2 protein chains.
Amino acid sequence: MNTTTSSPFPKVVIIGAGFGGLKAAKSLAGKPVQVTLIDRNNYHLFQPLLYQVATSLVSTDAIAYPVRRILRGKPNLDFLLATVRSVDLAARTVHTFTGDVPYDALLLAVGGETNFFGLDSVAEHGFGLKTLDDANAIRNHLLKQFEQAITEPDPSIRQALLSFVIAGGGPTGVECAGAISELIRMSLLKDYPSIHQDEIKVILMEAADHLMGQMPANLGQFTVEKLTEKHVDIHLKAIVSRYDGFTVELKDGRRIPACTLIWAAGVRASHLLDSLHLEQDKMGRVKVTPNLNVADHPEVFLIGDAAALNDADGHPLPMVAPVAMQQADVAVRNILHQFAGQPLESFTYHDPGIMATIGRSQAVAVIGGRTFQGFIAWVLWLVVHIAQLIGFRNRLVVLTDWAWTYLFSEGSNRLIGPE
Amino acid sequence: MNTTTSSPFPKVVIIGAGFGGLKAAKSLAGKPVQVTLIDRNNYHLFQPLLYQVATSLVSTDAIAYPVRRILRGKPNLDFLLATVRSVDLAARTVHTFTGDVPYDALLLAVGGETNFFGLDSVAEHGFGLKTLDDANAIRNHLLKQFEQAITEPDPSIRQALLSFVIAGGGPTGVECAGAISELIRMSLLKDYPSIHQDEIKVILMEAADHLMGQMPANLGQFTVEKLTEKHVDIHLKAIVSRYDGFTVELKDGRRIPACTLIWAAGVRASHLLDSLHLEQDKMGRVKVTPNLNVADHPEVFLIGDAAALNDADGHPLPMVAPVAMQQADVAVRNILHQFAGQPLESFTYHDPGIMATIGRSQAVAVIGGRTFQGFIAWVLWLVVHIAQLIGFRNRLVVLTDWAWTYLFSEGSNRLIGPE
């Protein structure tokens, strides 16, 4: 099956409608290629705000947007809602559960998934935070803990129900811990007056001896201080070894009763890449040339979390959206160069910085080599995300709603719904 | 288990946080009773706009709101998230899957559910439209039909995928048919350029020979005209007898290929009432005295869709929100009268009218005995629903978002998500 209409142009198939894949598809609009963008979901997800869905702050459609609407009116761009089974590099064909899609050039922008580092018990009983399903599951779970706690007669079980562990002291873990603590203290304690605030434990665990490892040490220290003010307990050098849904076991033997474990401690490339039988790094990323394609299959390009490439200093590029989006531009140009018989460009990463909120009103940021912390960093965070959402959503009212909710309200999406 | 704190006041248990039950609970705030409101969901659902979630117009949290937030700061009101198994009238105890709840007075506000009139095949393969799960399932299903249609090589299957049957020519069916037709023509056809508008069939079936049976005949005729303008095919005297998911079979032998059947042809009282072994009418409603309680169990009150009561002319009261809300006031006063040893009041229904939209910009309404149709009726519909949503949501921004989306936008909640 081939969903593209017959076209004289070469066929480009893009797998993944995340930041990288979507940007690549949009860049190919009007170019002399016929593009099929494949994703297993019919929406693009604004992942940086996923923790806000998980903590009841905003509704799903504030951070997810239908791909077809984004591609509307661009005749050389097709979308196919399908789950990819495998890629036949020799036959230049993508096998999906909906049929086969042949390509002349393939762009793998399949993104990342939660990396449980082989801890099966954590994968089984803990929560990742990479998909909308993850976020909905966390939201439902958090609310159910409170519903169960108020009718639980056993004090030790009640304590476990009201203990929330987040593993991973990077931006995702920090934002998640801050938001959960605020959700509980600003909203849930008002809704459950029989629960006292001293019964609540929000614990952030980090394997290293500092938070926000990608940032200078003073920002990590600032993050610890602000999270502590927000009643988050920080456990450093805490390495999770096992979790059964009730007790978090650490490598040093400590055991922490908690019915909630959110795993924000690692990301790896999508397992889909394993089926390609190409050389991968330890994060599952496929090694690419500086041109972002595969040495033995120059018609196959990879970007973002799917691609293993080092920066100028020899360090692996981080698995973050700016890498994916910058690589999308180069990959698109190289695909067009390749069809035109022109030489390919090399990719160079321009690091725009990194930022993370610590609840509402506090943040840490590194932008253009300068560090920011506190309220000014939070304003920067807000400006950057509003700017990104405008480009993404293009619907001012929904954006206003999001901004209003985020700034002035406690949010209302505390619905225990489907997962 | 009893979730209420020990209280010197008599215990009132309300089952159901719909329009009636929620209003009753709020009315009992500060009164000399200890109230436990039980619902299987943690949210109140604004059912009149359910069809807007089903047709991707608004997001879930625009029409659902956490019950605990509504009851916040009212110390004599408790909420229990629980599914009721049965009621032991003799022991004055509600059995839930979360434990037992004793009562001194019981208010059954359990509402209605879709009435498939014994058509098991329709119940199995068709969609009701009474719950948030229903609405999400319909939204996902509608979008999946288009995704499947564009890759479907068999023209007859493609036709069935693009045929949408709504059974029931009352307000719910009319609103649903109009909204589906508008969703397809205003949005989906732009997203699926390979589908031609002539391939789309939206069919509204009604067993009687006219639409909007509760309204004067001229409004039913107006509804037919406006729906026809909106490309909805009206099949009158069409009685569904069977549905296998692919073909709607009618009693007169007609067979209409359609992969979608939405059943808006009937409502009955919740099956929970069957376990009470009290006298019920053919809609499953329990017969109540004019005081809204049960003759043999005067401490048991029923309101709304759960209660069978005739109006002054001897006609059964309709299963609509205004009945439930007016009865909530009388039931609450009678519960307090009963505890105080005072005589009970009789219920009299004051019909505020009935209204239905026919897509955006057209509606029909009967208010205070006067009939309205067209744009003026639609403005009335809008004013009434905005007024109700303000009381319900109390969040002006979200309301603005809803109104904006409804008035000026095509909505964006076209996400195929969890059901």
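Residues numbered from 1 in each chain as written. Chains lettered and ligands numbered in written order. Predicted model: local features only at pLDDT ≥ 70, side-chain atom pairs only at ≥ 80, totals over all residues. Heavy atoms only, no water.

A few points about the overall build of chain A
Within chain A one finds 11 helices and 25 strands. Its C-alpha atoms give chain A a radius of gyration of 22 Å, within 12% of the compact-globule value 22 Å for 419 residues. For chain A, the spread of C-alpha atoms along the three principal axes comes to 70 × 45 × 40 Å. Once local pairs closer than 6 in sequence are excluded, the contacts in chain A between residues at least 24 apart make up 64%. (Helix = DSSP H or I, 4+ residues; strand = E, 2+ residues; numbered from the N terminus. Rg over C-alpha atoms; globule rule 2.2 N^0.38 Å. Contact = heavy atoms within 4.5 Å.)

Some details on the pairing of strand S15 (residues 247-250) of chain A
Residues and elements named next belong to chain A. Both faces of S15 are covered, namely the face carrying Thr-247 and Glu-249 and the face carrying Val-248 and Leu-250. One ladder, built from three bridges, connects strand S14 (residues 240-243) with S15; its direction is antiparallel. Bridge pairing in S15 places Arg-242 opposite Glu-249. Where S14 folds back onto S15 in an antiparallel hairpin, the turn is made up of three residues, including Gly-245, whose phi is positive at roughly 95°. The sheet contact formed by S15 and strand S16 (residues 255-257) spans three bridges and is antiparallel. Following the sheet pairing, Thr-247 is matched in S16 by Pro-257. What sits between the antiparallel neighbours S15 and S16 is a turn of four residues, in which Gly-253 has the positive phi angle 100°. (Buried < 20%, exposed > 50% of the residue type's maximum accessible area, 1.4 Å probe, protein only. Pairing = 2+ DSSP bridges.)

A word on the sheet that holds strand S7 (residues 93-96) of chain A
All names here are of chain A. If you walk across this open sheet you meet the three strands as S6-S7-S8, and the pairing is antiparallel. Every other strand in the sheet has two partners, leaving strand S6 (84-88) and strand S8 (99-102) as the edge strands with one partner each. Adjacent strand axes in the sheet meet at a mean angle of 20°, parallel and antiparallel pairs treated alike. (Axes fitted to C-alpha atoms, helices over the stretch in contact; angles between N-to-C directions.)

Some points on the environment of Arg-85 of chain B
Mapped onto the elements, Arg-85 of chain B comes out in strand S6 (residues 84-88). Arg-85 of chain B has contacts with His-95, Thr-96, Phe-97, Asp-100 and Leu-272 of chain B, leaving out every residue within four places of it along the chain.

Some details on helix H9 (residues 321-339) of chain B
Residues and elements named next belong to chain B. Its 19 residues place the ends of H9 27 Å apart at the C-alpha level, agreeing with the 27 Å of an ideal helix rising 1.5 Å per residue. All buried positions along H9 are accounted for by Val-323, Ala-324, Gln-326, Gln-327, Ala-328, Val-330, Ala-331, Val-332, Asn-334, Ile-335, Leu-336 and His-337. Buried residues in H9 make contact with strand S1 (11-15), helix H1 (19-27), strand S9 (105-108), strand S21 (297-302) and strand S22 (307-308). One or two steps after H9, the chain reaches Gly-341, where phi turns positive at roughly 70°. (Expected span 1.5 Å × (residues − 1).)

A look at a nonpolar patch on the surface
A contiguous nonpolar surface patch, about 270 Å² in accessible area, is contributed by Phe-375, Val-379 and Val-383 of chain A. Take Phe-375 of chain A: it is sitting in helix H10 (residues 375-393). (Patch = residues over 30% accessible without salt bridge, like charges linked within 9 Å, V, L, I, M, F, W, Y side chains within 5 Å. Areas by Shrake-Rupley, 256 points an atom, 1.4 Å probe, with all protein chains shown as cover. Salt bridge = Lys/Arg side-chain N within 4 Å of Asp/Glu carboxyl O.)

Some points on the packing of aromatic side chains
Residues and elements named next belong to chain B. Throughout the structure, instances matching the rule amount to 10 aromatic pairs over all chains. Geometrically, the ring pair formed by Phe-19 and Phe-46 is edge-to-face, given 5.7 Å between the ring centres and 75° between the ring planes. With a gap of 27 residues between them, Phe-19 in helix H1 and Phe-46 in the loop between strand S3 (43-45) and helix H2 (50-54) connect regions that are remote in the sequence. For the pair shown, Phe-19 and Phe-46 are each scored as buried. Between the aromatic rings of Phe-375 and Trp-378, the centroid separation amounts to 5.6 Å while the plane-to-plane angle is 35°, which identifies the pairing as tilted. With Phe-375 and Trp-378 both in helix H10 (residues 375-393) and three residues apart, the pair spans about one turn of that helix. For Trp-378, a relative accessible area of 8% gives the class buried. (Phe/Tyr/Trp six-rings, centres within 6.5 Å; stacked < 30°, edge-to-face > 60°.)

Things to note about the packing of H1 of chain B against H9 of chain B
Any two packed helices are characterised by the angle at which their axes cross and by the distance between the axes. Residues and elements named next belong to chain B. Relative orientation of the contacting elements H1 and H9 amounts to 30°, with a least axis distance of 8 Å. The angle between the axes of H1 and H9 places the two elements in the roughly parallel class. As H1 packs across H9, the resulting crossing turns out to be right-handed. Seen from H1, the contacting residues are Phe-19, Gly-20, Lys-23, Ala-24 and Ser-27; seen from H9, they are Ala-321, Ala-324, Met-325, Ala-328, Asp-329 and Val-332. A breakdown of the residues in the contact of H1 with H9 according to their chemical character gives seven nonpolar, two polar and two charged. (Parallel < 35°, antiparallel > 145°, perpendicular 65-115°, else oblique. Left-handed = near helix turned anticlockwise from the far one by under 90°. Nonpolar A, V, L, I, M, F, W, Y, C, P; charged D, E, K, R; others polar.)

Re the sheet that holds strand S15 (residues 247-250) of chain B
Residue and element names in this part refer to chain B. The three strands lie next to each other as S14-S15-S16, forming an open sheet whose pairing is antiparallel. The open sheet has two edge strands, strand S14 (240-243) and strand S16 (255-257), and neither has a second partner. Recorded for the sheet is a direction-independent mean angle of 25° between the axes of neighbouring strands.

Some thoughts on the side chain of His-141 of chain B
Residue and element names in this part refer to chain B. For His-141, the location among the structural elements is in helix H5 (residues 132-149). Since its relative accessible area comes to 16%, His-141 is described here as buried. Leaving out residues up to four positions away in the same chain, His-141 has contacts with Phe-127, Cys-259 and Thr-260.

So, the pattern of salt bridges
One pass over the full model with this rule turns up 30 salt bridges over all chains. Its salt-bridge partner being Lys-230 of chain B, residue Glu-182 of chain B comes within 3.0 Å of it at the nearest N-O pair. With Glu-182 of chain B in helix H7 (residues 171-191) and Lys-230 of chain B in the loop between helix H8 (217-229) and strand S13 (232-235), the pair connects residues that are 48 residues apart, well separated along the chain. Looking at Glu-182 of chain B, the relative accessible area reads 11%, which means it is buried. A relative accessible area of 16% places Lys-230 of chain B in the buried class. Through salt bridges with shared partners, a single ionic network connects Glu-182, Lys-230 and Arg-360 of chain A.

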